[in-house]
Amino acid sequence: MIPRTDDGRQTSAWQRELAEAVRDPVELLQLLGLPRELLAGAHAAHGQFPLRVPRSYVDRMGKGDPRDPLLCQVLPLGEELLAVAGFGDDPVGDLAAVAVPGLLHKYHGRALLVATGACAVHCRYCFRRHYPYSEGAATPQRLDDALAHLARDDSISEVILSGGDPLALTDERLALLAERLDAIAHLRRLRIHTRLPVVLPARVDDHLLNWLARTRLKRVVVIHANHPNEIDDSVRLALRRLAECGTTLLNQSVLLRGVNDDSEVLARLSEALFDAGVMPYYVHLLDKVRGAAHFEVDARSAQRIHESLWKRLPGYLVPRFVREEPGAPGKIPLSL
Ligand SMILES: *Cc1c(COP(=O)(O)O)cnc(C)c1O
Ligand code: SF4
């Protein structure tokens, strides 16, 4: 059976978990045994981009630790409201790369479909926190237009489902979308950029695996983990199930001050990912989005961290450090 959300009669476990996500900053601090004073000035930040975090992710945070690396990724802070020169609303030039509404075609051979604006978690550093999703996300008409564009341009061999988080959509919609992509003969790969297997591993259920296993396209799932504490048994199980249905698993991280700007942490992350069947892919330098300046790691420190990883890990466990530049033909690698 396919889960339903609209009539409330049939929802999957992950949908219930999503509905029960923590949205109140005061409750989050209570759950972690932290003082309310941490929220001084955070109210407006929460108003701009509200807190949202699944409870199973909160369970992986350390109690009583205001510097917990998972907490720091989701807790609204007053600092977000400081205007910092160079930090804007569309740092990566996405709005200029819109091929048709909801479809970004920036790089040769692959196009990125903004499948939905919704996410299971709100990451404070997110470069899309100001992206006008309501104008960009795929309504049925826009989806038709995006698919028509994909069908017309046979230089595109890979479709990337992104968002938001594409796995926030129901499997009913995703299965239909996969079928329509299957029918476009020149497509070879379906890539899914998602944080859900990490922040809400219950999302990887039979319904998801069903349609994923059915597509004729080669499947790549790029997860998004920033810290080894995010990878627990439930995440490992979800990843194993994805791998078992023939999916290549990669990880991308964002380099974040106070979270993972430390080669020891990133080395442990690479090892934990590999143990879970996931290859490290990218470490992104922070996109300069308004509200995220306090997460920035300067380029020299990033380079030092990269070099130290290169010295301590096998080459295949060293992620590529990259930054994004508007108008560039791909992500720009940071040289060692
Ligand atoms: C990052 C990105 C991609 C994927 O780039 P890869 O280097 O292939 O991982 C594709 N399209 C857009 C718009 C992107 O931002
Ligand atoms: S899951 Fe991805 S798109 Fe959603 S808020 Fe986090 S970084 Fe942004």
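Source: prediction; values computed, not measured.

Each value, and the rule that gives it
Residues numbered from 1 in each chain as written. Chains lettered and ligands numbered in written order. Predicted model: local features only at pLDDT ≥ 70, side-chain atom pairs only at ≥ 80, totals over all residues. Heavy atoms only, no water. Axes fitted to C-alpha atoms, helices over the stretch in contact; angles between N-to-C directions. Helix = DSSP H or I, 4+ residues; strand = E, 2+ residues; numbered from the N terminus. Parallel < 35°, antiparallel > 145°, perpendicular 65-115°, else oblique. Left-handed = near helix turned anticlockwise from the far one by under 90°. Contact = heavy atoms within 4.5 Å. Near = heavy atom within 4 Å. Polar contact = N/O pair within 3.5 Å; in protein donor to acceptor, adjacent residues only side chain to side chain. Areas by Shrake-Rupley, 256 points an atom, 1.4 Å probe, with all protein chains shown as cover. Phe/Tyr/Trp six-rings, centres within 6.5 Å; stacked < 30°, edge-to-face > 60°. Buried < 20%, exposed > 50% of the residue type's maximum accessible area, 1.4 Å probe, protein only. Salt bridge = Lys/Arg side-chain N within 4 Å of Asp/Glu carboxyl O. Pairing = 2+ DSSP bridges. Nonpolar A, V, L, I, M, F, W, Y, C, P; charged D, E, K, R; others polar. Domains from an automatic or database assignment. Buried area = accessible area lost by both parts, 1.4 Å probe. Expected span 1.5 Å × (residues − 1).

Some words on the packing of helix α7 (residues 140-152) against helix α8 (residues 171-182)
Then, in step 1: Closest axis-to-axis distance for the α7/α8 pair is 11 Å, and the angle between their directions is 25 degrees. What the angle tells us is that α7 and α8 run roughly parallel. In terms of crossing hand, the pair formed by α7 and α8 is right-handed. Taking contact as the criterion, the partners of Leu143, Asp144, Leu147 and Leu150 in α7 are, on α8, Leu177, Arg180 and Leu181.

Observations regarding the site of ligand 1
Then, in step 1: Around ligand 1, the surrounding shell consists of Leu104, Lys106, Tyr107, Arg110, Leu112, Ile160, Arg191, Tyr281, Tyr282, Glu324 and Lys331.
Then, in step 2: At 2.7 Å from an oxygen atom of ligand 1 is found a side-chain nitrogen or oxygen belonging to tyrosine 281.
Then, in step 3: Tyrosine 282 has a polar side-chain atom sitting 2.6 Å from an oxygen atom of ligand 1.
Then, in step 4: A total of 390 Å² of accessible area belongs to ligand 1 in isolation, and the protein chains cover 93% of it.

Concerning the packing of aromatic side chains
Then, in step 1: What the rule picks out here adds up to three aromatic pairs.
Then, in step 2: Consider the rings of tyrosine 125 and phenylalanine 295, whose centres lie 5.9 Å apart with planes at 85 degrees: the pair is edge-to-face. Linking tyrosine 125 in the loop between β3 (110-114) and α6 (133-136) with phenylalanine 295 in the loop between β8 (279-284) and α13 (299-312), this pair joins segments that are 170 residues apart in sequence.
Then, in step 3: Take tyrosine 125: its relative accessible area is 4%, and that puts it in the buried class.
Then, in step 4: Consider the rings of phenylalanine 274 and tyrosine 316, whose centres lie 5.7 Å apart with planes at 55 degrees: the pair is tilted. Of the two residues, phenylalanine 274 sits in helix α12 (residues 263-275) while tyrosine 316 sits in the loop between α13 and β9 (320-323), which places them 42 residues apart along the sequence.

Observations regarding the pattern of salt bridges
Then, in step 1: Applying the stated criterion across every chain yields a total of 20 salt bridges.
Then, in step 2: In this structure, the salt-bridge partner of arginine 203 is aspartate 171, at a minimum N-O distance of 2.9 Å. Here aspartate 171 lies in helix α8 and arginine 203 lies in the loop between α9 (196-199) and α10 (206-214), a separation of 32 residues in the sequence.
Then, in step 3: On the basis of relative accessible area, arginine 203 is assigned to the buried category, the value being 0%.
Then, in step 4: Judged by its relative accessible area of 0%, aspartate 171 is buried.
Then, in step 5: With a closest N to O distance of 3.1 Å, arginine 268 and glutamate 264 form a salt bridge. Taken together, the residues span about one helical turn, with arginine 268 and glutamate 264 both in helix α12 at a distance of four residues.
Then, in step 6: Of the residues examined, glutamate 264 reaches a relative accessible area of 34% and is grouped as partly exposed.

What to know about the sheet that holds strand β5 (residues 189-193)
Adjacent strands of a sheet form backbone hydrogen bonds with each other and so pair up, either parallel or antiparallel.
Then, in step 1: The ten strands are arranged β1-β2-β3-β4-β5-β6-β7-β8-β9-β10 in an open sheet whose pairing can be described as mixed. A single partner strand is all that each edge strand has here, and the edge strands are β1 (98-100) and β10 (332-333).
Then, in step 2: Alignment of strand β2 (residues 103-107) against β3, held across three bridges, turns out to be antiparallel. Along β3, the bridge assignment pairs leucine 104 with leucine 112.
Then, in step 3: The sheet contacts of α8 involve β3, β4 (158-162) and β5, and relative to β4 the element is tilted by about 165 degrees.

Looking at the site of ligand 2
Then, in step 1: Lining the immediate surroundings of ligand 2 are Cys119, Val121, Cys123, Cys126, Gly164, Arg195 and His224.
Then, in step 2: Of the residues assigned to the shell around ligand 2, the class counts are four nonpolar, two polar and one charged.

Description of the domain arrangement of the protein
Reports often express the size of an interface as the amount of accessible area lost when the parts come together.
Then, in step 1: Partitioning the protein into domains gives domain 1 (13-81) and domain 2 (95-333).
Then, in step 2: Taking the mean C-alpha position of each, domain 1 and domain 2 sit 23 Å from one another.
Then, in step 3: Taken together, the contacts link 27 residues of domain 1 with 35 residues of domain 2.
Then, in step 4: For the pairing of domain 1 and domain 2, the buried interface totals around 2500 Å² over both sides, and the portion due to carbon and sulfur atoms is 57%.
Then, in step 5: Area buried by domain 1 at its contact with domain 2 is led by Trp14, Phe49 and Gln73, which between them contribute 32% of it.
Then, in step 6: Remark: the boundary between domain 1 and domain 2 carries three salt bridges.
Then, in step 7: Where glutamate 80 meets arginine 124, a salt bridge forms, and the shortest distance between an N and an O atom there is 2.9 Å.
Then, in step 8: On the surface where domain 1 and domain 2 come into contact, there are 14 residue pairs in polar contact (both at pLDDT 80 or more).
Then, in step 9: Listing elements by their share of the side of domain 1 that touches domain 2, those giving two or more residues are α1 (13-19), α3 (43-48), α4 (55-58) and α5 (71-74).
Then, in step 10: Per element, the largest residue contribution to the side of domain 1 that touches domain 2 is four residues, and it comes from α1.
Then, in step 11: Classifying every residue of the side of domain 1 that touches domain 2 gives 16 nonpolar, five polar and six charged.

Considering helix α11 (residues 233-244)
Then, in step 1: Helix length check: α11, at twelve residues, gives a terminal C-alpha distance of 16 Å against a target of 16 Å (1.5 Å per residue), a fit within 8%.
Then, in step 2: Buried residues along α11 sit in contact with α9, α10, β6 (218-224) and β7 (247-254).
Then, in step 3: Just beyond α11, the residue with positive phi is glycine 246, at close to 80 degrees.

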